[in-house]
Amino acid sequence: MPSFRMKYPPKNIFSLALAVALLGLLSACGVTKHVAEDELFLKDVYVVSDEPQATKDLQLDGYVRQMPNTKWFGAKIPMRIYCLSKPGSQRWSSRLLRKIGQRPEIYDSLMTLRSMDDMQQVMHNAGYLHSRVVTEQRTHKRVLALTYRVSPGERYHVTRLSRQVDDPRLRDIIMGPDTLQSLLRPGMPLDINILNAERSRLNTLLRDMGFFKFNKECIQFDADTLAGMTEVALTMHVRLHVEDRHSEAVPHPQYRIGRISYELDNPQFLRQHVLTSNTMMHTGELYSERLQRQTYNNFMRLQAVAYTNIRLTPRSESDSIDCEIILNHARPRSISFDLEGTNSAGDLGAAASATCQHKNLLRGSEMLTVKLRGAYEAITGLEGYEGHNYKELGVETSLRFPGFLLPLVSREYGARHNATSEISLQYNLQNRPEFRRRVLTAAWRYRWQSSTQKVLHRFDLLEVNYIYMPWLSQQFREQYLDVVGKQNAILRYNYENLLITKLGYSYAFNSLGTAVTSTYGQNAYTFRVSIETSGNVLQAATSAVRGKKNSQGQYTFCGIAFAQYVRGDIDFAKSFRIDDNNSFAIHAALGIAYPYGNSNQLPFEKRYFAGGANSVRGWSVRSLGPGAYKGADKQINFLNQSGDIKLDLNMELRSHLFWKLNGALFVDAGNIWTIRKYEDQPEGEFRFDSFYRQIAVSYGLGLRLALDFFTLRFDAGMKAVNPAYEGRDHYPIFHPSLRRDFAFHFAVGLPF
């Protein structure tokens, strides 16, 4: 009989032995040694039901007040760390283990009784009037498994519905067309949450129609049930207005806006039109709580305003209500500095920037921002070049106006949509031993939000980028451009003068609201789509007048070739909350860019790259693809490893560890491809019959330090599937090598 023997490299044997030893140590450590004789360790908690769907809909497991110890990715690692300490020991090692670990959860019977009461109250409110909750306990050697057994019983439903409105004016509203919007319907369950939602809806409706003093306490419900039956006769009663306990009941007063005044701590800091255009309420119109809230939000969003308050005063014996808007100004000027260190493939450098802001330049809450940046990097490994360093200087100026700077568009319309208009100008100077590069950028764009505050629009009316190459090293030209240039079109194209004129639009949706920057640990999703194009107007104009062409057959504008392309991107991310400490998130992104007309390929700034902290994390930044491309000369490879199509697929299991530290287990997949076939990027072209075999896959572990204003992220990724190779090297997951397959990333913010 043949025999088989498996061979492991020494480092793999060591890693396997270490993992087994650590697992054994954590599993073998005693939990009960930290539990007193009269205590029980709460190991597991279950919620089971005679009607599982009802329990799931009501989320009864969320009302369990005492849960087992925290899990990291499904394992109670914090508790195991605590258990490594010696009970009662004051040695530094034991104290440290107890501090960073988590004490075994000790069962509290009072918490169980409260949980049972909460569950029963939730079911009662949902119409399960005869629900019942009991507990079952299984104990073994001071270890407890607790089960909440839920019996909702039969649910009560509304079979007859009536409304009684004492105020004739309100009766016409509530019992008129508004009944179509009502949340109350015959056949609905007797759910107190729905009844409260109806009270809130009517309260909002009436306060938006001028009934300033109306409140939801004026709405009451009576439910009559028949003995032995689950049918309910529900009556909604809307009472008259009572000013106080000594006043008689009268019809609800309806108010109109009277005098509107402004109180500014500095009368000179805002112009009058800024005040009026951001005030959504107007004299003579019915009072509206929605417009009052929108007015408040409008002023709070102005950078020049630090504090806002709206004071409403009803006039005695009148249907008018006076409005006083109180505003305090913010400090107009600020300056900030940033200093950073860089390490590019072992080349060390530093960068510094200074940002100056004026939040009220023209007394209309216009924000002027001026940013100066400088960088230096010592370059090694270059031979035959004059100088061995990289220097960069840049200046960026932007002026942002509140509202739309457009003809025939009112200032009030811009304020209602929280619109801003921005004009910016940027200049960047780069000097390297191989070349010198200058970039001049001018832009005019608009941003605005939807009324729901969940959608953000951005429209780039015009963005012009002029890329100027004043000098190229003779050695660089001879080594790469003159010899290789005829074949390497990508390299040559990106070292020539170029003009990019961009027109673009983007749409972003956040289910939690655009003010929320992260959906971490919540049930939420984001969706973004954008499209941009360049060169169409110049192409039409130059071809119409039969403009000049350069040696590559491209039309030029003022002697400069211009880019022509279209690019579209779609991005979707969703997070699922598992419990208080764990969540799961998925992400998908697709981008396609197509050069046409005056361009045979995309500008370097508009091409896609794969690998890095926000892509497939088993690869370093810009080192993956396109397709099955293996890479060539490292000095120019960063240009060749770019493409016209990008696909990113990511998923993460996220867990809160302790303090402000979170962890993540992730799997990434994706790649880039070219639309056309380029000789310098063999196997990089997108083909429907082979692209799926060229999708790279990686896996890894991440740590996130969630600070107050930003999150520091550390991700360690390993290659799992490498599309650049065939055979054994195509699947490094089965024979990993840290030197070959490992990539470490440091970033600010979450990947998605």
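Up top you'll find the structure we're talking about.
Quick look at the structure, then. (Residues numbered from 1 in each chain as written. Predicted model: local features only at pLDDT ≥ 70, side-chain atom pairs only at ≥ 80, totals over all residues. Heavy atoms only, no water.)

1. Here we look at the pairing of strand 15 (residues 435-449)
Part 1: In the sheet, strand 14 (residues 420-431) pairs with strand 15 via twelve bridges, with the strands oriented antiparallel. Note on strand 15: the bridge partner recorded for tyrosine 427 is leucine 440.
Part 2: Hairpin connection of strand 14 to strand 15: three residues between the antiparallel strands.
Part 3: By the bridge criterion, 14 bridges tie strand 15 to strand 16 (residues 455-472) in an arrangement that is antiparallel. Within the sheet, the bridge partner assigned to tyrosine 446 lies in strand 16 and is phenylalanine 459.
Part 4: Here strand 15 folds back onto strand 16 in antiparallel fashion, the turn holding five residues, of which glutamine 453 has a positive phi close to 65°. (Pairing = 2+ DSSP bridges. Helix = DSSP H or I, 4+ residues; strand = E, 2+ residues; numbered from the N terminus.)

2. A short note on empty space enclosed by the protein
Part 1: Inspection of the entire model under this criterion finds one cavity of 30 Å³ or more.
Part 2: Approximately 50 Å³ is the volume attributed to the largest cavity.
Part 3: Around the largest cavity, the lining residues are Arg437, Ile467, Tyr493, Asn494, Glu496, Leu498, Pro603, Phe604 and Glu605.
Part 4: Its residues placed into classes, the lining of the largest cavity shows five nonpolar, one polar and three charged. (1 Å grid on protein atoms, 1.4 Å probe; cavity = no way out; pocket = protein on both sides within 12 Å on 5 of 7 lines; lining within 4 Å. Points joined across faces, edges and corners; volume = space filled by probe spheres on them. Nonpolar A, V, L, I, M, F, W, Y, C, P; charged D, E, K, R; others polar.)

3. Here we look at a nonpolar patch on the surface
Part 1: Among the surface-exposed residues, Leu703, Leu707, Phe709, Phe710, Phe714, Leu738, Phe742, Phe744, Phe746 and Val748 lie close enough to one another that they form a single nonpolar patch of about 1000 Å² accessible area.
Part 2: Among the elements that take part in the nonpolar patch, strand 27 (residues 742-748) stands out by supplying four residues, more than any other.
Part 3: You can see phenylalanine 744 is positioned in strand 27.
Part 4: The class of phenylalanine 744 is exposed, set by a relative accessible area of 51%. (Patch = residues over 30% accessible without salt bridge, like charges linked within 9 Å, V, L, I, M, F, W, Y side chains within 5 Å. Areas by Shrake-Rupley, 256 points an atom, 1.4 Å probe, with all protein chains shown as cover. Salt bridge = Lys/Arg side-chain N within 4 Å of Asp/Glu carboxyl O. Buried < 20%, exposed > 50% of the residue type's maximum accessible area, 1.4 Å probe, protein only.)

4. Considerations on the pattern of salt bridges
Part 1: Taken as a whole, this structure holds 42 salt bridges when the rule is applied.
Part 2: Aspartate 715 serves as the salt-bridge partner of arginine 617, at 3.1 Å between the closest nitrogen and oxygen. Residue arginine 617 is located in the loop between strand 22 (582-595) and helix 14 (637-640), and its partner aspartate 715 is located in strand 26 (residues 711-721); the two are separated by 98 residues in the primary sequence. Taken individually, arginine 617 and aspartate 715 each receive the classification buried, so the pair is uniform in this respect.
Part 3: The shortest N-O distance in the salt bridge between glutamate 652 and arginine 654 comes to 2.7 Å.
Part 4: Judged by its relative accessible area of 2%, arginine 654 is buried.
Part 5: Bridged by salt links that share partners, the residues Arg400, Glu422, Arg445, Arg447, Arg458, Asp460, Glu463, Lys502, Glu532 and Lys606 form one connected network.

5. Some remarks on the side chain of serine 94
Part 1: For serine 94, the position within the fold is in helix 4 (residues 92-100).
Part 2: With relative accessibility at 6%, the residue serine 94 sits in the buried group.
Part 3: At a separation of 3.3 Å, a polar atom in the side chain of serine 94 contacts the main-chain amide nitrogen of lysine 86.
Part 4: Each residue touching serine 94, except ones within four places of it in the same chain, is listed here: Ser85, Lys86 and Ser89. (Polar contact = N/O pair within 3.5 Å; in protein donor to acceptor, adjacent residues only side chain to side chain. Contact = heavy atoms within 4.5 Å.)

6. Concerning the environment of glutamate 39
Part 1: One can find glutamate 39 in the loop between helix 1 (10-28) and strand 1 (41-49).
Part 2: Glutamate 39 sits 662 residues away from leucine 701 along the chain, and the two C-alpha atoms are 37 Å apart.
Part 3: Other than its neighbours up to four places away in sequence, glutamate 39 contacts Arg103, Ile106 and Arg142.
Part 4: A polar side-chain atom of glutamate 39 sits 3.0 Å from the main-chain amide nitrogen of alanine 36.

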